[in-house]
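Residue strings, one per chain:
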Amino acid sequence: MNKINMEIEQVMKAESVEIDGGKWVYDSSVDHKGRVPLRDSTGVWKASLFIIAIEFSERLSYFGIATSLIIYLTKVIHQDLKTAAKSVNYWSGVTTLMPLLGGFLADAYLGRFSTVLVSSTVYFLGLLLLTMSRVVPSLKPCDSNLCDEPRKVHEPIFFLAIYLISIGTGGHKPSLESFGADQFDDENPEERRKKMSFFNWWNFGLCCGLLLGVTLIVYVQEHVSWAMADIILTVVMASSIAIFIAGRPSYRYRKATGSPFTPMLQVLVAAIRKRNLHLPSNPSHLHEVPKSETTQRKLLGHTTKLKFLDKAAILDHTQDSIEQQQNAWKLATVTKVEELKLLINMIPIWLTTLPFGICVAQAATFFIKQGMTMNRKIIHNFEIPPASIYALTAVGMIISVTIYDKILVPFMRRATGSERGISILQRIGIGMIFSVSTMVVAALVERKRLNVVHKNPFEGSASMSVFWLAPQFLIIGIGDGFTLVGLQEYFYDQVPDTMRSLGIALYLSVIGAANFISSLLITIVDHITENSGKSWFGKDLNSSHLDYFYWLLATITAVNLCVYAFVARSYTYKNVHSMTTMAVADCDDGDNHKAMV
C-alpha cells in the first residue's frame with residue numbers, strides 16, 4: 001500500500017512540474033532572494049549576456065598579456081629563448097591549474113556567483129599592480145623605451161602582478177562558465193537545446209575578447225606603451241565587474257553543497273568494508289533512495305563497469321538496516337556509486353587530451369617568437385605586432401564554432417535523429433586531428449624559414465612574410481573550436497551535478513598540465529640533443545631547430561589520437577533519470593550509451 005501511495009505521489013509531483021514548468025524552474029536553483037526562480041524573468045540568454053560580458057573582459061586581459069608575454073620577457077627583462085618559453089609555460093600552467101582550487105571552493109563553500117565576484121576583484125588588483133609596475137617611476141623597468149638592464153625591483157613586482165592574475169583566473173574561469181550554463185534548465189526541452197548552443201556562443205564571445213586582446217591591446221603595447229595598454233585593461237575589468245553585479249536579479253543560483261569529495265570517499269570506504277559480500281544478480285536490489293525524497297541530486301542509472309564499487313550499495317542483512325541507511329560510510333546509494341564511477345572513467349579521457357594541449361601551448365610561445373623574425377609589414381609602412389598574428393587562431397575558432405552550430409549540428413540532427421548531432425567525444429576527436437595537421441604545417445613552414453636564413457644569414461628571415469604562419473594559426477584555431485569547446489561541454493556535462501565548477505576546472509587543467517609538460521619536454525629534448533651534438537633550442541630561433549621539435553609533437557599527437565579513439569569508443573556517457581521517471585531503471589546496456597568515434 002505504501003508503495004502504491006509513493007507511486008501516486010510521484011506521478012502527481014511529475015504532473016505538477018509539467019503544469020507549472022512554463023512559469024517556475026524546478027532544477028534546485030534559486031533566484032537572488034532564495035526563492036524558486038520565475039522562468040520568464042530569470043536565466044537563459046537574458047542572464048547569460050551579463051556573464052559573457054565579463055568573460056569577454058577577462059579574455060581581453062588574459063590574451064593581451066599572454067600573447068605578448070614572451071616578447072616582454074625577451075625584450076625588456078632580457079631572458080633567453082628557452083627561459084622565456086618556460087616562464088610563459090609555467091605562468092600559463094599555474095593560470096590553468098589554479099581553477100581546480102577555485103572550482104572546489106565554488107562548489108563546496110562559496111557558491112559560483114560569490115566566487116566569480118571575489119576572484120574578479122583579485123584579478124582587478126593584479127591588473128592594477130601590473131599597471132603600477134609600468135607607471136610608478138621607482139617600479140618601472142627603466143626610464144627609456146629601450147631597456148638594456150631593467151631595475152631589479154621591477155621583475156618581482158611584475159611576476160607578483162601576473163601571478164595575482166593567475167589566482168584571479170583560478171576562481172573566475174571555472175565558476176563563471178558553469179554559472180553561465182546553470183542559467184539553462186535541463187528539464188525544459190527548449191532551454192536544454194539552448195544550453196547546447198551556450199558553449200558555442202560562450203566561445204564566440206571569448207574569441208571576440210581574444211581578437212581585441214591580440215590586435216588592439218597588443219598594438220597599444222607595441223606603438224604607444226605597455227602602461228597605456230594596462231590602464232585600458234584595468235578600466236575594462238572594473239567596468240565589467242559593475243555590469244556583472246547589475247545582472248544579479250536575473251541570475252539563477254545554485255547553493256554550495258559542501259565538499260563533493262566526501263561522498264566519493266564514503267563510497268570507497270563502504271565498498272572496501274563490504275569487499276567479501278556477493279553482488280546481487282539483479283541490480284535493482286542495490287540501495288537507492290526513493291525518487292520522492294531526492295530534491296538536490298538527480299538519480300543516475302546503474303552501469304556494469306567497476307563492479308567492485310557496487311558493493312558499497314549492498315544492504316548487509318547481518319546488520320541493522322536503519323543504522324546502515326543513516327551511516328553513509330557503511331551504505332551508499334547507486335547514484336553516489338555512479339558519480340564516483342563517472343570521475344574514474346574521465347581519467348583516460350583527460351590523459352589522452354594532454355598532447356592536444358601541448359600543441360596549443362606552442363601557439364603562445366614559439367609561433368609568436370617566429371613571427372618576430374619575419375616581415376610583418378602589410379601596407380606602406382604599417383607593421384603588425386608579432387602577437388597580433390595570434391588573432392588568426394580566434395578567426396579559425398569563430399569559423400569552426402559557427403559552422404558547427406549553424407550547419408553541421410542541424411545536418412547531423414536530421415541525419416542521425418540525435419538531439420546533439422554528433423557526440424561530445426567525436427567533436428573532441430575531430431579537433432585532435434587538426435592538432436596533428438597544425439604541427440605538420442608548422443614544421444614545414446619553419447623548415448622553409450630556416451632555409452631562407454641559411455641562404456641569406458645577414459638578412460635572416462626578414463624577407464619572408466609573417467603570413468606564412470597564417471595556416472598553422474588558423475588550423476589550431478579550427479581545432480580549438482572542436483576540441484576545446486567539446487572539452488568544456490564534456491567536463492561540465494559528465495561530472496556529478498555537485499561538481500560543475502570543478503568540471504570546468506578539469507577542462508582548464510588539461511591546458512595547464514599540458515603547459516608544464518611542454519616545459520618539461522623542452523628541457524628533456526634540449527638535454528638529449530645537446531649531448532648528441534647540437535641542441536634543438538639555441539640562444540635564438542635561427543640557431544635552433546624548432547622544425548624537429550614540431551615533427552616530434554606531430555608524431556606524439558598522432559599516436560595519442562589512436563589511443564584516444566580506443567578510449568572514446570569504450571566510454572559510457574552519464575545516464576540521468578528525468579524528473580518524471582517513476583522508478584530507477586537499470587542501465588546495464590551500456591553499449592547503447594557508448595561513444596562512437
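Small disclaimer: the values here were computed from a predicted structure and weren't measured. (Residues numbered from 1 in each chain as written. Predicted model: local features only at pLDDT ≥ 70, side-chain atom pairs only at ≥ 80, totals over all residues. Heavy atoms only, no water.)

Draft legend 1. Local environment of the overall build of the chain. On a plain count of helices and strands, the chain comes out with 19 helices and zero strands. Relative to its 597 residues, the chain shows a buried fraction of 54%. Pairs at least 24 apart in sequence give 81% of the contacts found in the chain among residues at least 6 apart. Taken as a whole, the chain presents about 25,200 Å² of accessible surface, with 64% of it coming from carbon and sulfur. (Helix = DSSP H or I, 4+ residues; strand = E, 2+ residues; numbered from the N terminus. Buried < 20%, exposed > 50% of the residue type's maximum accessible area, 1.4 Å probe, protein only. Contact = heavy atoms within 4.5 Å. Areas by Shrake-Rupley, 256 points an atom, 1.4 Å probe, with all protein chains shown as cover.)

Draft legend 2. Layout of helix H9 (residues 261-273). If you check H9, its first and last C-alpha atoms are 19 Å apart, about what 13 residues at 1.5 Å a residue would give, namely 18 Å. Within H9, the full set of buried residues consists of Pro-263, Met-264, Gln-266, Val-267, Ala-270 and Ala-271. Seen end-on, H9 carries its buried residues on one side only, within an arc spanning 160 degrees. Of the surrounding elements, those touching the buried residues of H9 are helix H10 (307-310) and helix H12 (334-352). (Expected span 1.5 Å × (residues − 1). Arc of directions from axis to C-beta.)

Draft legend 3. Fine view of the pattern of salt bridges. The tally for this structure, following the rule as stated, stands at 16 salt bridges. Glu-191 is the partner of Arg-252 in a salt bridge, and the nearest nitrogen-oxygen pair spans 2.9 Å. Of the two residues, Arg-252 is situated in the loop between helix H8 (226-246) and H9 and Glu-191 in helix H7 (residues 189-223); the sequence distance between them amounts to 61 residues. Each member of the pair, Arg-252 together with Glu-191, is buried. A salt bridge links Arg-376 to Glu-383; its shortest N-O distance comes to 3.7 Å. Salt bridges sharing common partners tie together Arg-39, Asp-185, Glu-191 and Arg-252. (Salt bridge = Lys/Arg side-chain N within 4 Å of Asp/Glu carboxyl O.)

Draft legend 4. Region of interest: unusual backbone geometry. Of note in the backbone geometry, His-78 takes a positive phi value of approximately 65 degrees without being a glycine. With respect to the secondary-structure elements, His-78 resides in the loop between helix H2 (44-75) and helix H3 (81-97). Under the relative-accessibility criterion, His-78 is labelled partly exposed at 40%. Despite not being glycine, Leu-306 shows a phi value in the positive range, around 50 degrees. Tracing the backbone shows Leu-306 in the loop between H9 and H10.

Draft legend 5. Local environment of the packing of H12 against helix H19 (residues 546-569). Closest axis-to-axis distance for the H12/H19 pair is 9 Å, and the angle between their directions is 160 degrees. Classified by the angle between their axes, H12 and H19 sit roughly antiparallel to one another. The handedness of the crossing between H12 and H19 comes out as left-handed. When H12 is examined against H19, the residues Pro-348, Ile-349 and Thr-352 are found in contact with a partner set consisting of Asn-560, Val-563, Tyr-564, Val-567 and Ala-568. Its residues assigned to classes, the contact of H12 with H19 comprises six nonpolar, two polar and no charged. (Axes fitted to C-alpha atoms, helices over the stretch in contact; angles between N-to-C directions. Parallel < 35°, antiparallel > 145°, perpendicular 65-115°, else oblique. Left-handed = near helix turned anticlockwise from the far one by under 90°. Nonpolar A, V, L, I, M, F, W, Y, C, P; charged D, E, K, R; others polar.)

Draft legend 6. Quick peek at the packing of aromatic side chains. For the structure on display, the rule yields 34 aromatic pairs. Ring geometry for Phe-179 against Tyr-251: centres 5.1 Å apart, planes inclined by 75 degrees, an arrangement best described as edge-to-face. Of the two residues, Phe-179 sits in helix H6 (residues 154-181) while Tyr-251 sits in the loop between H8 and H9, which places them 72 residues apart along the sequence. The residues Phe-179 and Tyr-251 share a single accessibility class, namely buried. Between Tyr-571 and Tyr-573, the ring centres sit 5.4 Å apart and the planes meet at 85 degrees, which makes this aromatic pair edge-to-face. As far as burial versus exposure is concerned, Tyr-571 and Tyr-573 are alike and both buried. Taken together, Tyr-62, Phe-63, Trp-91, Phe-367, Tyr-390, Phe-473 and Tyr-550 form an aromatic cluster joined through their ring pairs. Between the NZ or CZ atom of Arg-427 and the centre of the ring of Tyr-404, over which it lies, the distance is 3.6 Å. (Phe/Tyr/Trp six-rings, centres within 6.5 Å; stacked < 30°, edge-to-face > 60°. Lys NZ or Arg CZ within 6 Å of the ring centre and 35° of its normal.)

Nothing here speaks to function; it is all geometry.
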